[in-house]
Amino acid sequence: MLSHDRVWAAIDALAERYSLSASGLARRAGLDSTAFNKSKRLSSDGRPRWPSTESLAKIIEATGASLEEFTVLVEGRASPAAPQSRMAVPLLGFAQAGAGGFFDDAGYPSGQGWDLVELPARAAESSYALKVQGDSMLPLYRDGDVLIVEPGAPTRKGDRVVVKTAAGEVMAKVLERQTAKSIVLVSLNPAHPDRDIPMRDVEWVARIVWASQ
């Protein structure tokens, strides 16, 4: 049966599977870092507090896990769908990405000079990794975090995306709106302004599908 203890145990197991703490899993999913703390699992009067379906959907998407994989964890069974191997994808720093010569016009990796990084999660064949440099993406992404980017993946409002401009600027933002004329991006770090960029100045937009933390 579906139980309060099993659902929370599955969240803990999913975090461990992707080398995260419970708070790290919450941050990766765009939730408050304390959302999955053990103190949040019971109300003040001792009644069980269940995670929302929205929170569950966000952690499944953030880790790249399948609903079947999470269900198996809830049931406490060994999962045949658990990652068995690590996949190597191209890795580049944000500064290098802005320099040019590493992507085609659609934002797919090309050219020479890529390093490789191994991932414990599934990635599409066209995916690549960008290493965060500096603090412009705090509090969600820290210096040294690796973002897995999937060019060509559909994007929608609220997605975290990487955008490259014709001027060579590469940035990670939250997609607020995209039309034929412009793209509106919300900054991850409140110290940095939001951006409204004409589409004629945008080389490509790619969705962030995973991040190491």
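These figures come from a predicted structure and were not determined experimentally. (Residues numbered from 1 in each chain as written. Predicted model: local features only at pLDDT ≥ 70, side-chain atom pairs only at ≥ 80, totals over all residues. Heavy atoms only, no water.)

## Side note on the overall build of the chain
Note the threshold: What counts as a helix is a DSSP run of H or I of at least four residues, what counts as a strand is a run of E of at least two, and both are numbered from the N terminus. Only protein chains enter the accessibility calculation, which uses a 1.4 Å probe; a residue whose area is less than 20% of its type maximum is buried, one above 50% is exposed, and one in between is partly exposed. In this description, contact between two residues means that some pair of their heavy atoms is separated by no more than 4.5 Å. For accessible areas, the Shrake-Rupley method is used with a probe of radius 1.4 Å. Any residue's cover is judged against the shown protein chains and nothing else.
When helices and strands are counted, the chain shows five helices and nine strands. Counting helices and strands in the order they occur from the N terminus, the chain gives α-α-α-α-β-α-β-β-β-β-β-β-β-β. A buried classification covers 44% of the 213 residues belonging to the chain. In the chain, once contacts between residues fewer than 6 apart in sequence are set aside, the share between residues at least 24 apart is 60%. Accessible area for the chain stands at about 11100 Å²; split by element, carbon and sulfur atoms hold 51% of it.

## Let's talk about the packing of helix H1 (residues 4-17) against helix H4 (residues 67-75)
To keep it simple, the criterion reads: Axis geometry follows a simple rule: fit a line to the C-alpha atoms, using only the stretch in contact for helices, then measure angles between N-to-C directions, giving values from 0 to 180 degrees. Working definition: roughly parallel below 35 degrees, roughly antiparallel above 145 degrees, roughly perpendicular at 65 to 115 degrees, and oblique for all remaining angles. Crossing chirality is assigned from the near helix's rotation relative to the far helix, an anticlockwise turn below a right angle marking it left-handed and a clockwise turn marking it right-handed. Asp, Glu, Lys and Arg are counted as charged, while Ala, Val, Leu, Ile, Met, Phe, Trp, Tyr, Cys and Pro are counted as nonpolar; the rest, among them Gly, fall into the polar class.
Remark: H1 packs on H4, axes separated minimally by 8 Å, with the N-to-C direction vectors making an angle of 125 degrees. As the angle between them shows, H1 and H4 are arranged oblique. Classified by chirality, the crossing of H4 by H1 is right-handed. Mapping the contact onto sequence places Arg6, Val7, Ala10, Ile11, Ala13, Leu14 and Arg17 in H1 and Glu69, Phe70, Leu73, Val74 and Glu75 in H4. Within the contact of H1 with H4, the residues separate by chemical class into eight nonpolar, no polar and four charged.

## Here's the deal with the layout of surface pockets
The test is simple: Definitions used for this entry: grid spacing 1 Å over protein atoms alone; cavity, a set of points where a 1.4 Å probe fits but cannot get out; pocket, an open set with protein on both sides within 12 Å along at least 5 of 7 lines; lining residue, one with an atom within 4 Å of a point. Grid points are joined across faces, edges and corners, and a volume is the space filled by probe spheres set on the points.
If you add up the space inside the largest pocket, you get close to 480 Å³. Lining the largest pocket we find 23 residues, and of these Arg28, Ala29, Gly30, Gly158 and Arg160 sit closest to its centre. Considering every element that reaches the lining of the largest pocket, the biggest residue donor is strand S9 (residues 202-212), with five residues. Along the lines of polarity and charge, the residues of the lining of the largest pocket split into twelve nonpolar, two polar and nine charged.

## Looking at the confidence of the model for the chain
For clarity, the threshold we go by: Scored between 0 and 100, pLDDT is the confidence that the predictor attaches to each residue.
Confidence in the prediction of the chain, expressed as mean pLDDT, is 80, and 77% of residues score 70 or more. Element-level pLDDT for the chain is lowest in helix H5 (residues 94-99), with a mean of 60, against a maximum mean of 95 in strand S8 (residues 195-198). Scored below 50 in pLDDT, residues 79-85 makes eleven contacts in the model with residues more than four places away or belonging to other chains.

## Some points on the packing of aromatic side chains
This is how the line gets drawn: Centres within 6.5 Å are what make two rings of Phe, Tyr or Trp a pair, Trp counting through its six-membered ring; a difference in plane orientation under 30 degrees is then read as stacked, over 60 as edge-to-face, and the rest as tilted.
Tallied over the full model, the rule gives two aromatic pairs. Consider the rings of tryptophan 8 and phenylalanine 36, whose centres lie 6.0 Å apart with planes at 70 degrees: the pair is edge-to-face. Of this pair, tryptophan 8 sits in helix H1 while phenylalanine 36 sits in the loop between helix H2 (22-28) and helix H3 (53-63), placing them 28 residues apart in sequence. Geometrically, the ring pair formed by tyrosine 128 and tryptophan 204 is edge-to-face, given 6.5 Å between the ring centres and 85 degrees between the ring planes. Of the two residues, tyrosine 128 sits in strand S3 (residues 128-131) while tryptophan 204 sits in strand S9, which places them 76 residues apart along the sequence. You can call tyrosine 128 buried: its relative accessible area is 0%.

## Observations regarding the environment of glutamate 150
The topology assignment puts glutamate 150 in strand S4 (residues 146-151). Residue class for glutamate 150 comes out partly exposed when judged on its relative accessible area of 23%. Along the chain, glutamate 150 and arginine 207 lie 57 residues apart, while their C-alpha atoms are 5.6 Å from each other.

## Remarks on the pairing of S4
For clarity, the cut-off: By the convention used here, strands pair only if DSSP detects at least 2 bridges between them.
The element S4 is extensively covered by neighbouring structure, given that five of its six residues are classed as buried. Where S3 lies against S4, four bridges are found, and the strand directions are antiparallel. Paired with alanine 129 across the two strands is isoleucine 148, which belongs to S4.

## As for H3
The condition that has to hold: Each direction from the helix axis to a C-beta atom contributes to the arc, which is the arc of those directions.
Within the span of H3, buried status applies to Ser55, Leu56, Ile59, Ile60, Ala62 and Thr63. With its buried residues spanning 165 degrees around the axis, H3 presents them on a single face. In H3, the exposed positions that point more than 90 degrees away from the buried face belong to Thr53 and Glu54. In this structure, the buried residues of H3 make contact with H1, H2, H4 and S9. Positioned one or two residues after H3, glycine 64 has a phi angle of 80 degrees, which is positive.

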